[in-house]
Amino acid sequence: MKRVFEILVPYSVALAALLAVGCGSNSEDPNEEQQGQVCEGLPPLAEKDTYRVGFAQVWEDDGPWRNANTASMIDEADKRGFELVFDPGTKSDPAEQVARMQALIQAKVDVIFIAPHDETVLAPSVVRARRACIPVFIIDRAVDPNVAIPGVDYVSYLASDFRKEGQMAADWLIEKTQGKANIIQLEGTVGSSPGVQRKRGFDERIAKEDGMTILASETGDFDEDKGYALTKRLVAEHPTADVIYAHNDAMAFGVITALEEMGKVPGEDILVVSIDGTKKATQYILDGKIGVVVECNPKFGPIAFDTMLAYARGDDVPLRVDNVDRIFDIENAAEYLPEAY
Ligand code: AHR
């Protein structure tokens, strides 16, 4: 089944129509008037030999997952001979990513992939791109579906199931500890879908276990240095803690450094649970420092560009494309290591 596209309406015509029925423009974008066209629904994407593809990546301070994700998108654009219009940004600031989205809209790229810093702040940018007749694909992190409506404001959302990742981490831990643990949780970025959903999935499973307690749960912003600082403080505040659940590998690296500096043995005194699947974390499993890593596969450049081209052909494109994630512990880490990033 093909998608039904809204007719492209030149802005002057749309404005005249609105004024004729006594309404003002409902645009929230002061730049919209200069852009010429307004799309009220999903914009079409022409079939062409090459595309100018905008990429609004969330900024992270050299996070290994983020670097692998960016590399996958760049490689895939290169392989297909497409121009990737990509400004990596300079700081962990959703407002800066909003400005980068605006620059892509003004550059009139053919299509935009965005990995939003958080669910709410970037959602209006997705709507603005759609109104500027640029089809948007959301990758990795979600946007608020009440603001940026799936199938209206963006074509498709490609990502892992973050809630399931949290559940997988909890299920492994319940089995490993036979339902007895005092846990410190290091959450991801506040308001980001992996931060929200990894906590939700984990907490809902742990809540069913009488012998398991979450002593503390604070954000480490997916950042190694913050994971390190939080571990030092929270382990001192909660001396009975015997598990640290970090929402990503970068924070888990900070956890291990901090524990070792505190004279504790990761894997013996405190069991470390993480999410991502980087090479360094996989090696830590083999070294006995990390108990388990739930995979969050960053390499979805190929499926992202395949989905974009399917849309250009007019194929039926699902609103949600799920990455399938695995789980690694001492049983299979050695086998996974060669393909880890
Ligand atoms: O959105 C995916 C998460 O973002 C990855 O788990 C993490 O490493 C990154 O910060």
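Predicted model only: the values in this text are computed from it and were never measured. (Residues numbered from 1 in each chain as written. Predicted model: local features only at pLDDT ≥ 70, side-chain atom pairs only at ≥ 80, totals over all residues. Heavy atoms only, no water.)

Chemist: I tried to follow the sheet that holds strand S4 (residues 83-86) on my own but got confused; where do I start?
Modeler: Pairing between sheet strands relies on hydrogen bonds along the backbone, with the strands arranged either parallel or antiparallel. Overall, parallel pairing links the six strands, which are arranged S4-S3-S5-S6-S7-S13 in an open sheet. Each of the sheet's edge strands pairs with one partner strand only, and the pair in question is S4 and strand S13 (320-322). For this sheet the average axis-to-axis angle between neighbouring strands, irrespective of direction, equals 20 degrees. In this sheet, strand S7 (residues 156-159) lies alongside strand S6 (residues 136-139) in parallel orientation, the contact comprising three bridges. Within the sheet, the bridge partner assigned to Ile 139 lies in S7 and is Leu 158. Its contacts with the sheet place helix H2 (residues 64-80) against strand S3 (52-56), S4, strand S5 (111-114) and S6, and it is angled at close to 145 degrees to S4. (Pairing = 2+ DSSP bridges. Helix = DSSP H or I, 4+ residues; strand = E, 2+ residues; numbered from the N terminus. Axes fitted to C-alpha atoms, helices over the stretch in contact; angles between N-to-C directions. Contact = heavy atoms within 4.5 Å.)

Chemist: Looking at this structure, how should I read the pattern of salt bridges?
Modeler: Oppositely charged side chains can form a pair if their charged atoms are brought close together. Enumeration over the complete set of coordinates arrives at 25 salt bridges. The closest approach of N and O atoms between Arg 233 and Glu 237, which form a salt bridge, is 3.4 Å. Of the two residues, Arg 233 and Glu 237 both sit in helix H7 (residues 224-237), four residues apart, roughly one turn of that helix. Its relative accessible area of 36% is what places Arg 233 among the partly exposed residues. Residue Asp 315 pairs with Arg 313 through a salt bridge whose shortest N-O separation is 2.9 Å. In this structure Arg 313 comes out as partly exposed when scored by relative accessible area, which is 43%. Here the salt bridges do not stand alone but share partners, grouping Glu 60, Arg 66, Asp 140 and Arg 141 into one network. (Salt bridge = Lys/Arg side-chain N within 4 Å of Asp/Glu carboxyl O. Buried < 20%, exposed > 50% of the residue type's maximum accessible area, 1.4 Å probe, protein only.)

Chemist: Is there a simple way to think about the site of the ligand in this case?
Modeler: The environment of the ligand is formed by Glu 60, Trp 65, Arg 66, Asp 140, Arg 141, Pro 194, Arg 198, Phe 222, Asn 248 and Asp 276. Side-chain polar atom of Arg 141 to an oxygen atom of the ligand: 2.9 Å apart, as the coordinates give it. Within the side chain of Arg 198, one N or O atom sits 2.8 Å away from an oxygen atom of the ligand. Protein contacts shield 99% of the accessible area of the ligand, which totals 280 Å² for the unbound molecule. (Near = heavy atom within 4 Å. Polar contact = N/O pair within 3.5 Å; in protein donor to acceptor, adjacent residues only side chain to side chain. Areas by Shrake-Rupley, 256 points an atom, 1.4 Å probe, with all protein chains shown as cover.)

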